[in-house]
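Here's the letter readout for the chains.
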Amino acid sequence: MEPTQGKLVVHARALAETMNWKSRSRALKWLGPISVLVAGLWVSAPVRSQSGSAASSTQRKTSTPYSGDLSIFEVPGRDERLQINRVMDMLGIEPGKSVADIGAGSGWFTVRAARRVTGSGRVYAVDISPEAIHYIDQRAKKEQLQNIKTILSKPDDPQVPAISIDAVLLLKTYHEVAHPVVLLRNLRSSLKPGAKIGIIDRNGNGENHGVSKDVVVREAAQAGYELRDSQDFVKADGMDYFLIFSAKPD
């Protein structure tokens, strides 16, 4: 979910990704609208369970969610640049698994995960944008992927079914979440034992389509998660990072 403020910015982002980066303009994955999802998604809205509440996390800057043409995410070569198959390997995404794509945007990751888990698995495409949800529904139908379930979520609550998820990915979306600690807390009830939560983002100050890796690790810890792995192979420019978390035992 890589947000941006207009098609000009989106196309600039896509070009930047092609050359050296992918502040994905998810368009800048969860990035668009959803990504949107997210910044907007992740702004202020009712939350399911706020133990500690939104106030427990220091308010930080966030990026404006993308609301333009979702096809901007379908840039040729993006799979290779983000090494998405390697990402799915590390998250344990395989046939029969259940996956949540939070900030799904155009469904770029959703459809790849859906093919990986096969008909015996399921992928929840989560976004706060009705346009993104409609787009993914149409895409799933066109690509004959019946194992995709879309969820129009709330800003701080993905609203994924309880104890249903083996793996989660927030692809260039986290920097748009206004209350990440609350979001991550609300996600916990949806996780199966041993579930992995992946976050791909780029270093930044929150409002420039990126957020510091250290900030993500700190906020995840406040929400009750442990860092399991940290990688930087998801782009050659040294800006992107890939973090894997799991929920701490209650």
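To be clear, the structure that these remarks concern was listed above.
Anyway, here's the lowdown on the structure attached to this text. Everything quoted here is computed from the prediction, not taken from an experiment.

A few points about the sheet that holds strand E6 (residues 225-231)
Argument step 1. In spatial order, the strands read E3-E2-E1-E4-E5-E7-E6; together these seven strands make up an open sheet with mixed pairing. Across the chains shown, the open sheet's two edge strands, defined by having one partner strand only, are strand E3 (148-152) and E6. Recorded for the sheet is a direction-independent mean angle of 20° between the axes of neighbouring strands.
Argument step 2. In this sheet, strand E7 (residues 240-247) lies alongside E6 in antiparallel orientation, the contact comprising six bridges. By the bridge assignment for E7, glutamine 231 is matched with phenylalanine 242.
Argument step 3. Set on the sheet, helix H9 (residues 213-222) makes contact with strand E5 (191-202), E6 and E7; between it and E7 the angle comes to about 10°.

Points about the packing of helix H8 (residues 180-188) against H9
Packed helices, taken two at a time, are described by the angle their axes make and the gap between the axes.
Argument step 1. Their axes nearest at 8 Å, the elements H8 and H9 cross at an angle of 50°. Judged by the inter-axis angle, H8 sits oblique to H9. Regarding H8 and H9, the two cross each other, and that crossing is right-handed. For the pair formed by H8 and H9, the contact residues are Pro180, Val181, Leu184 and Arg185 on the first element and Glu219, Ala220 and Gln222 on the second.
Argument step 2. Of the residues contributing to the contact of H8 with H9, the split by class is four nonpolar, one polar and two charged.

Side note on unusual backbone geometry
Argument step 1. Positive phi values are uncommon outside glycine, yet threonine 118 reaches one of about 65°.
Argument step 2. Residue placement: threonine 118 occurs in the loop between helix H6 (108-117) and strand E2 (122-127).
Argument step 3. Positive phi, close to 55°, is recorded for glutamine 144, a residue that is not glycine.
Argument step 4. Among the structural elements, glutamine 144 can be located in the loop between helix H7 (130-142) and E3.
Argument step 5. The class of glutamine 144 is exposed, set by a relative accessible area of 71%.

Notes on H6
Argument step 1. In terms of residue burial, H6 counts as a mostly covered element, since eight of its ten residues are buried.
Argument step 2. Taken together, the buried positions of H6 are Trp108, Phe109, Thr110, Val111, Arg112, Ala113, Ala114 and Val117.
Argument step 3. Threonine 118 lies just past H6 and shows a positive phi near 65°.

Parameters at a glance
Residues numbered from 1 in each chain as written. Predicted model: local features only at pLDDT ≥ 70, side-chain atom pairs only at ≥ 80, totals over all residues. Heavy atoms only, no water. Pairing = 2+ DSSP bridges. Helix = DSSP H or I, 4+ residues; strand = E, 2+ residues; numbered from the N terminus. Axes fitted to C-alpha atoms, helices over the stretch in contact; angles between N-to-C directions. Contact = heavy atoms within 4.5 Å. Parallel < 35°, antiparallel > 145°, perpendicular 65-115°, else oblique. Left-handed = near helix turned anticlockwise from the far one by under 90°. Nonpolar A, V, L, I, M, F, W, Y, C, P; charged D, E, K, R; others polar. Buried < 20%, exposed > 50% of the residue type's maximum accessible area, 1.4 Å probe, protein only.

By themselves, these figures tell us nothing about what the structure is for.
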